[in-house]
Amino acid sequence: MEWALELNRLTKRFGDKVAVDGLDLRLPPGAFLGLLGRNGAGKSTTLKMVTGLLQPTEGSIRVLGLDLGADPIAVKRQIGVMPEDMALLEFLSGPQYLRFVGRMYGLDDATADARRLELFSKLDLDPPAGALVSDYSYGMKKKLSLCAALIHAPRMLFLDEPFEGIDAVTSRTIKEILAGLQTRGVTLILTSHIMEVVERLCPLIAILDEGRLKGFGSLEDLREGAGAEDLESLFVDLVGGAQKGELSWL
Ligand SMILES: Nc1ncnc2c1ncn2[C@@H]1O[C@H](COP(=O)(O)OP(=O)(O)O)[C@@H](O)[C@H]1O
Ligand SMILES: [Mg+2]
């Protein structure tokens, strides 16, 4: 069986800080994984490593059957990424940026333009003609980042906190897009610190805490394993939600 994603002892240290601590994970093709964890759990660091944006300290990563360390370009050709900082080129207009991204993936400008029109219409992204990305609102940037992740029809999609700072209507559109991709066999991984997002959307869940995998499986598997009623109590059980008492001055 060829895994869509295979992590072996994946580790990232920043000085003394261990951000990701020996992650082992295997995902079958077509899976939709929600990587859930508190702020600072190591979600973004993991995503950056598996998409080739950050070098691991230790461990290996295979994406779509390819060794990421040995074959980074071949991997990047087939994946789409919506990174934490969105990494847009702010001095271009949105359409220019998507042409630029399209060219990197070998798309001609006419194809990039046609896909951009469809994406903008689907996402209700309607920037003033010629407006630079630097003048886009946060939500518009987020949408543009999603367009860039999708324009080359990736086989695998990585989204870091895709619903952060996004209105409810757009959230629903993004969920629709993700569901459509899943039915077409695209492997999806998103991170979120919000349980409800992962619980509702992702058939497979990985819970990360202090860089370690605390749980992995379907919601049912996790519930049964921990004997917890819902994901919230499970989450608190797994990552520990110590009562810190009341604020002294309130
Ligand atoms: N470039 C960096 N240098 C030092 N520490 C970092 C760096 N990036 C992340 N960290 C630390 O690693 C931990 C995990 O961060 P991150 O992966 O961003 O968490 P999450 O996305 O789950 O909120 C945090 O403690 C964070 O402060
Ligand atoms: Mg993060």
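Data block above holds the structure.
Notes on the structure in this doc start here. (Residues numbered from 1 in each chain as written. Chains lettered and ligands numbered in written order. Predicted model: local features only at pLDDT ≥ 70, side-chain atom pairs only at ≥ 80, totals over all residues.)

### Topic: the pairing of strand β6 (residues 79–82)
Neither face of β6 is open: one carries I79 and V81, the other G80 and M82, and all of them are buried. The pairing of β6 with strand β7 (residues 156–160) spans four bridges and is classified as parallel. Each bridged residue has a counterpart across the sheet, and for V81 the counterpart in β7 is F158. (Buried ≥ 20, exposed ≤ 12 C-beta atoms within 10 Å, placed from the backbone. Helix = DSSP H or I, 4+ residues; strand = E, 2+ residues; numbered from the N terminus. Pairing = 2+ DSSP bridges.)

### Thoughts on the pairing of strand β3 (residues 32–36)
Burial runs high along β3: five of the five residues are buried. As judged from the five bridges shared by β3 and strand β8 (residues 187–192), these two strands associate in the parallel manner. Paired with L35 across the bridge in β8 is T191. Sheet topology note: the β3/strand β9 (residues 204–209) ladder contains four bridges and is parallel. Note that in β9 the partner of G34 across the bridge is I205.

### Considering the sheet that holds β6
Strand order in the open sheet made by the six strands is β6-β7-β8-β3-β9-β10, with mixed pairing throughout. Across the chains shown, the open sheet's two edge strands, defined by having one partner strand only, are β6 and β10 (212–217). On average, adjacent strands in this sheet sit at an angle of 15° to one another, irrespective of strand direction. Strands in contact with helix α1 (residues 43–50) are β3, β7, β8 and β9; relative to β7, the strand with the most contacts, it is inclined by about 150°. Against the sheet, helix α8 (residues 219–226) touches β9 and β10, its axis set at about 115° to β10. (Axes fitted to C-alpha atoms, helices over the stretch in contact; angles between N-to-C directions. Contact = placed C-beta atoms within 7 Å.)

### Brief notes about the nonpolar core
Within the largest apolar cluster, 64 residues are counted, with the highest numbers of intra-cluster contacts made by L33, V63, A148, L157, F158, I205 and A206. With six residues, the single largest contributor to this core is helix α5 (residues 138–150). Aside from chain neighbours lying at most four places away, what touches I205 is G34, L36, V198, G217, L219 and L222. (Core = buried A, V, L, I, M, F, W, Y, C linked by C-beta atoms within 7 Å.)

### Quick notes on the site of ligand 1
Surveying the vicinity of ligand 1 reveals the residues F14, K17, A19, G37, N39, G40, A41, G42, K43, S44 and T45. Its residues assigned to classes, the shell around ligand 1 comprises three nonpolar, six polar and two charged. (Near = placed C-beta within 6 Å. Nonpolar A, V, L, I, M, F, W, Y, C, P; charged D, E, K, R; others polar.)

In short, geometric facts, not functional conclusions.
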